[in-house]
Structure formats: C-alpha cells, structure tokens
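# Chain and residue survey
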Amino acid sequence: MFLWFNFKKIMEKRVIQEKILRKLMAMKPLKWGESHTEKTNLVKGLPSHLRGEKIVEKAIKELYQKEFLIRSKKTGEWHVSLNPQKKKEIYRFLRLPPK
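The notes below deal with the structure included here. Everything quoted here is computed from the prediction, not taken from an experiment.

### So, unusual backbone geometry
With an omega dihedral of -10 degrees, the bond running from lysine 28 to proline 29 counts as a cis peptide bond. For proline 29, the location among the structural elements is in the loop between helix H1 (2-26) and strand S1 (37-38). In this structure, glutamate 67 is a non-glycine residue whose phi angle is positive, near 65 degrees. Turning to its location among the elements, glutamate 67 is positioned in the loop between helix H2 (54-65) and strand S2 (69-74). Despite not being glycine, arginine 95 shows a phi value in the positive range, around 55 degrees.

### Observations regarding the pairing of strand S3 (residues 77-82)
Inspection of the sheet shows S1 paired to S3 by 2 bridges, in the antiparallel sense. Among the inter-strand pairings, threonine 37 is bridged to a residue of S3, identified as valine 80.

What counts as what
All residue numbers refer to position in the chain's written sequence, counted from 1. The model is predicted, so local features are restricted to residues of pLDDT at least 70 and side-chain atom pairs to those at 80 or more, both for listing and for counting; the totals for chains, interfaces and linings are taken over all residues. By convention in this description, side-chain values take in all heavy atoms of the structure and omit both hydrogens and water. Strands are runs of DSSP state E lasting at least 2 residues, helices are runs of H or I lasting at least 4, and numbering of each runs from the N terminus. For two strands to pair, DSSP has to find at least two bridges joining them.

Shape is all these values report; function is a separate question.
As structure tokens, this is what we get:
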C-alpha cells in the first residue's frame with residue numbers, strides 16, 4: 001500500500017511539473033531566459049483542488065533544483081522563466097523532440 005501511495009505521489013508531482021513547463025513553453029511570448037512571468041502564474045493552469053497544496057510547492061521547488069526554472073525579483077514580485085541553458089534537458093524531461 002505504501003509503495004503504491006508513494007509511486008502515485010511521485011507521478012502526480014511529475015504531471016504537475018510537466019504542466020508547468022508546458023504552460024511556460026506555450027505562453028506568448030515564450031518564457032525562456034529574459035522573458036518571464038510572475039511566479040503566481042505558474043499554478044493558474046492547475047486544477048483548483050491542487051493550488052496551494054504541498055505537492056505543488058514541492059514540484060516547483062524541484063524544478064528550481066533541476067535548474068529548469070530561473071527566478072528573479074522584478075517589480076517587487078518573484079518572476080520565473082525557463083532556463084535556456086537547460087533547453088535540451090527540459091525537452092527530454094517532457095519527452096519532446098529536441099529543437
């Protein structure tokens with residue numbers, strides 16, 4: 001039971017991470033490097049029952065640790081963008097063909 005629960009949490013976290021990365025890749029203009037968006041916008045594409053949950057915060061924290069996301073303070077708010085130096089790894093993580 002514990003093993004299944006743990007596996008489910010890991011998969012759920014990965015799905016959240018994929019959704020966040022895909023959202024940033026789909027925004028116009030694309031959010032790579034200097035083009036950024038407020039950190040609060042990361043969770044807007046997630047189902048409302050997940051917003052504010054611990055698993056979402058862990059998923060975002062892990063994206064920072066993998067250096068997929070870049071964080072910077074702009075206009076008093078934290079803004080994020082995709083790390084262009086990790087583009088290959090991000091595409092691999094999302095199982096997309098490299099660009």
